[in-house]
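Structural features, examined
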Amino acid sequence: MLLASSQHASPEVSIVVCTRNRARALERCLSAVARQRAGLPFETIVIDNGSTDDTRAVVGDASR
């Protein structure tokens, strides 16, 4: 799952978050990432290792 990039330019930095059934922790993590001001174009990639909780919904909410 790829979240939107921070800017429209090609990303120079990739933030990769691996998760499995940790939706609440993921929500806090993605919120913190969204507040970052790196000064470089970046992208956030979430690797979901077969979650059965609300992980997909959390990523969907964060991407909006």
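Here goes a summary of the coordinates provided. What you see as residue numbers is a count from 1 along each chain, following the sequence as written. Residue-level local features of this predicted model are given only where pLDDT is at least 70; pairs of side-chain atoms are given and counted only at 80 or more, and the full residue set underlies all totals for whole chains, interfaces and linings. Side-chain numbers come from the whole structure's heavy atoms, not from hydrogens or water.

1. Description of the environment of aspartate 53
- Note on conventions: DSSP H or I runs of at least 4 residues are helices, E runs of at least 2 residues are strands, and numbering of each starts at the N terminus. Among the secondary structure elements, aspartate 53 is positioned in the loop between β2 (42-48) and α2 (55-63).
- By relative accessible area, which is 30% here, aspartate 53 ends up partly exposed.
- Spatially, the C-alpha atom of aspartate 53 lies 6.6 Å from that of alanine 23, the residues being 30 residues apart in sequence.
- Contacts were defined at the residue level, with two residues in contact if any of their heavy atoms lie within 4.5 Å. When sequence neighbours within four positions are dropped, the list of residues in contact with aspartate 53 reads Asn21, Arg22 and Ala23. Note on classification: 1.4 Å probe, protein chains only; a residue is buried when its accessible area is under 20% of the maximum for its type, exposed when over 50%, partly exposed between these limits.

2. Some remarks on helix α1 (residues 23-34)
- Take the number of residues in a helix, subtract one, and multiply by 1.5 Å to get its expected span. Here α1 contains 12 residues, and its C-alpha end-to-end distance of 16 Å stays within 8% of the 16 Å for a straight helix at 1.5 Å per residue.
- Next to the buried residues of α1 lie β1 (13-19), β2 and α2.

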